[in-house]
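Letter by letter, the chains look like this.
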Amino acid sequence: MRTVLLLIWAFVSVLSVHAQDSPEKNISEYRATATKLHDLVHTKLEIKLDYDKAWLMGKAWITLKPHFYATDSLLLDAQGMDIHQIAIVSNAGPKPLKFVYDGMILKIFLNRFYTSKEPYTIYIDYTAKPNDLRAAGSAAIIEAKGLYFINPKGTEKNKPIEVWTQGESQSNSAWFPTIDRPNQKTTEEIILTVPSKYVSLSNGKLISSKENGNGTRTDDWKMDLPHAPYLFFFGVGDYAIVKDHYKDKEVNYYLEKEYEPMARRIFGLTPEMMAFYSKTLGVEFPWNKYAQMTARDYVSGAMENTTATLHSSTFQQNARELTDGNRAEQVVAHELFHQWFGDLVTAESWSNITLNESFARFGEFIWVTYKHGREAGDALVYDQMKSYLSDTAFSRRDLVRFYYAQREDVFDFVSYNKGGLILNMLKNYLGDSAFYKSLNLYLRTNQFKSAEAQNLRLAFEEVTGQDLNWYWNQWYYGSGHPVFDISYAYDDAAGRATVIIKQTQQTGKIFRIPLAIDVYEGDVKTRHMVWIQNAADSFVFSYKKRPSLINVDGDKIVVCEKHDDKSLENYIFQYRHAGMYADKVEAVLYYAKHPDNVEAHKLLLTALADPFYKVRQATLDALGYKADPALSYLEPVLEKMAAGDSNKIVRSLAIEFLGSFKNEKYKPLFLKATTDSSYSVEGRGLEALALIDSVNAVDIARKLVKEGPRGRSSIAIQNVLSNYGNESDAALLYDNYESMEMASKTLTSVAYIKYLNKVKDNGQLKKAVDQIVAFADKNKRDSRQVHANIDKALKELTDQKAAEGLTEQADYIRGQMK
């Protein structure tokens, strides 16, 4: 699910991790895999929807059998429902059963004892009321009420009417009774009655569709292969369905009709991905169809419901957005890989979520490498490593996590990024052939079952013949990563180089790491494979000519932090000869700290012209986007990049950097950028123009906001009007903020609040404050730091209003903050 860091949810979680208390503190409860008293066998649901009340009227036939011990009672998860009738199904007809229900757990008293060889079927008539259920979410899933009615009465303009479900982690039991645990598997049939004007999607195949003659239609979806209850799904809305295929299997894309022409540009790589993953794993795509649907107001980034992935509507993109690149591609790959890792084989407990999410992140790595080349794959690995290392709290969390405050806590950069990187390391260590043969064995052995991390280890050991407990104990059942301090000593007389590697992590834990050390004598590279396994290790290498570079971790594969005592000359050689994306970025980061060095100048100029756009982007990032006299030599290059870099994102960043020089001569360039087809170029051009001609920038922003801006353009408009506009812009700012995505609101809320100092009209101010507070409250859990920043800005606004004698406004803001 979700992935990761071009996603909106991931972006917000990056901002929030610093503010969250470490969940592993003061946690003593061991999170065991759920005990199986019963096994689900089959679940049949008949569902009708009440849009006015946002209710689901359901009838469930649940077939189960005792797991081992005979029993005369049954416990089901059923969150916030009205239970009307419960009966056991028999040849003589349904027989009512007694039950006890506390609003969350349904205890049913069976008519007799049943053994593990006696399956039985329970009938339940119920009503689900999701809006009456208050369930906390997480950074990855901001709500947990299972069933969502979006704009059900059609009162919100420019928002479609939709209904969709979100089951992970244990929320599907808010719309149907079940044993809502990941170690259960069941086949499924959902008979769904919907308004005839809408389409529906669910798991498995649509086996029938019948018009009822009263404005409704009944769709029958059937799933013949077992999967976990949290992967059950249905969605209903006014969608266009764009049909595709993989071999003889349906592959369909459900989008709002506005985006139908863009469907194949957004999702069209799916069949190629299915072919690539099937071939790579040696396990054919296991299900009878695959569909993808978008959802408004989605509480996550995406969800890998079996055969029916749900995506946030933010991945719907128009032609202008797609000029910046398809932000959905990695997410499509991530969720598709889950169809094997998570759906076919499912983590038996949330403690073992690495078996789902780490693999999905790894699936991104291998797809990007296959489709876009080694350097693109390496860049993704580097970025995911950087995100994991961004907060020290992550280093205290085990990958397989038996202790946590609540299950949603495991959906973090440890389970996603670090876990994916650990799989990538394992592939590098064992070799591709052994690695993928092991995955094939794991999938075939555990298909349609649940598994724990040890099942994965056993598959690898059977294939490789190696005892890999050391690797699992270190990386899966342990926390942290090594911090290397690397230094070098050369004895030219003896022709020997000594590499000293110290592990300096504060935990005191010593890691055992297989490591590639590349020694370059001129252009000749010699690779040495060594083991790091002590607090300090030394390695001696002979040479005839003093090495131009000794490159520790030559594949840039180890999850670690490094303090590397290389010289400027070493880094220059590394950039030009080592070749990996991370090699170049490490060199660029070093060069950026030496702005007065002429050789550094040359290499930075080379990096800004690198063929791979991510290197150019990383170089701009390293230089900081701030004008500095020492960087004046870069202006001609930045101007050229700002005028026509082949990558729109890099071009927009060059505009941002050039704008920091506040030079009037670039005004024509910035003006031209505000008419570009790319929202990123348009937005950053507008912000750069505002630094030298705010009046003109405000006029342009007022025009652009009426065109329905997206992405960086909407951010720029909000910031320019907030910083330089006047009270007459209040309505424009309100509408623009209302249409923004979550991440865009995150970046503009404080500036918007400061703008409200200019607003004296009580009605306009109250509307804006309500709007901002609603956003902050909705995202309080997943982004506590953002909430705190908004809270601080509102307090400052309150004080300023009070100082100006605007008591009514001050009191209103203060009241909304409570």
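On a predicted model such as this, the values are computed, not experimentally measured, just so you know. (Residues numbered from 1 in each chain as written. Predicted model: local features only at pLDDT ≥ 70, side-chain atom pairs only at ≥ 80, totals over all residues. Heavy atoms only, no water.)

*Asks:* Lay out the nonpolar core in plain terms, naming residues and giving numbers.
*Replies:* Of all hydrophobic cores here, the largest spans 172 residues; its most connected members are Y277, W340, Y476, I501, Y591, L620 and L756. Each residue touching Y476, except ones within four places of it in the same chain, is listed here: T354, D398, L399, V400, I422, L423, A453, L456 and Y471. The next biggest cluster of nonpolar side chains, apart from the first, holds 41 residues, and it includes L40, L76, M81 and F232. (Core = buried A, V, L, I, M, F, W, Y, C linked by side-chain atoms within 4.5 Å. Buried < 20%, exposed > 50% of the residue type's maximum accessible area, 1.4 Å probe, protein only. Contact = heavy atoms within 4.5 Å.)

*Asks:* Could you give an account of the environment of T71, naming the residues involved and the relevant values?
*Replies:* Residue position: T71 is located in strand β3 (residues 71–77). Between the alpha carbons of T71 and D391 there is a distance of 48 Å; along the sequence they are 320 residues apart. Ignoring any residue separated from it by four or fewer positions in sequence, one finds T71 in contact with H38, P66, L110, R112, F113 and Y114. Only 3.2 Å separates the side chain of T71 from the backbone oxygen of S73, close enough to count as a polar contact. (Helix = DSSP H or I, 4+ residues; strand = E, 2+ residues; numbered from the N terminus. Polar contact = N/O pair within 3.5 Å; in protein donor to acceptor, adjacent residues only side chain to side chain.)

*Asks:* Which residues make up the sheet that holds strand β29 (residues 561–564), and what are the values?
*Replies:* Across a sheet, strands are paired by hydrogen bonds formed along the backbone, either parallel or antiparallel in direction. Taken in spatial order, the four strands of this open sheet run β27-β24-β23-β29, and their pairing is mixed. Single-partner strands in this sheet number two, and they are β27 (536–542) and β29. Neighbour-to-neighbour, the strand axes of this sheet turn through a mean angle of 20°, independent of strand direction. (Pairing = 2+ DSSP bridges. Axes fitted to C-alpha atoms, helices over the stretch in contact; angles between N-to-C directions.)

*Asks:* How would you summarise the packing of helix α22 (residues 730–739) against helix α23 (residues 742–755) if you had to cite specific residues and measurements?
*Replies:* Relative to each other, α22 and α23 sit at 160°, their axes nearing to 11 Å. By the angle between their directions, the pair α22 and α23 is classed as roughly antiparallel. In terms of crossing hand, the pair formed by α22 and α23 is left-handed. Of α23, the residues touching α22 (which contributes A730, L733, Y734, Y737 and E738) are K745, T748, S749, Y752 and Y755. Counted by class, the contact of α22 with α23 contains six nonpolar, two polar and two charged residues. (Parallel < 35°, antiparallel > 145°, perpendicular 65-115°, else oblique. Left-handed = near helix turned anticlockwise from the far one by under 90°. Nonpolar A, V, L, I, M, F, W, Y, C, P; charged D, E, K, R; others polar.)

*Asks:* Talk me through the packing of aromatic side chains; I want residue IDs and the actual numbers.
*Replies:* Tallying each qualifying case throughout the model produces 56 aromatic pairs. Judged by centre distance (4.0 Å) and plane angle (10°), the ring pair of F341 and F359 falls under stacked. You can see F341 sitting in the loop between α5 (329–338) and β21 (345–347) and its partner F359 sitting in helix α6 (residues 354–372), a full 18 residues away along the chain. For the pair F341 and F359, one class covers both residues: buried. Seen from their ring centres, Y575 and Y591 are 6.5 Å apart, and the 50° between their planes marks the pair as tilted. Placement of Y575 in helix α12 (residues 568–577) and of Y591 in helix α13 (residues 581–592) is noted, with a sequence separation of 16 residues between them. Both residues of the pair, Y575 and Y591, belong to the buried class. Here the aromatic cluster, defined as three or more aromatic residues joined through ring pairs, consists of F276, Y277, F285, Y290, F337, W340, F341, F359, W367, Y370 and Y442. If you follow R112 out to its NZ or CZ, it ends over the ring of Y114, 4.0 Å from the centre. (Phe/Tyr/Trp six-rings, centres within 6.5 Å; stacked < 30°, edge-to-face > 60°. Lys NZ or Arg CZ within 6 Å of the ring centre and 35° of its normal.)

Read these as geometric descriptors, not functional statements.
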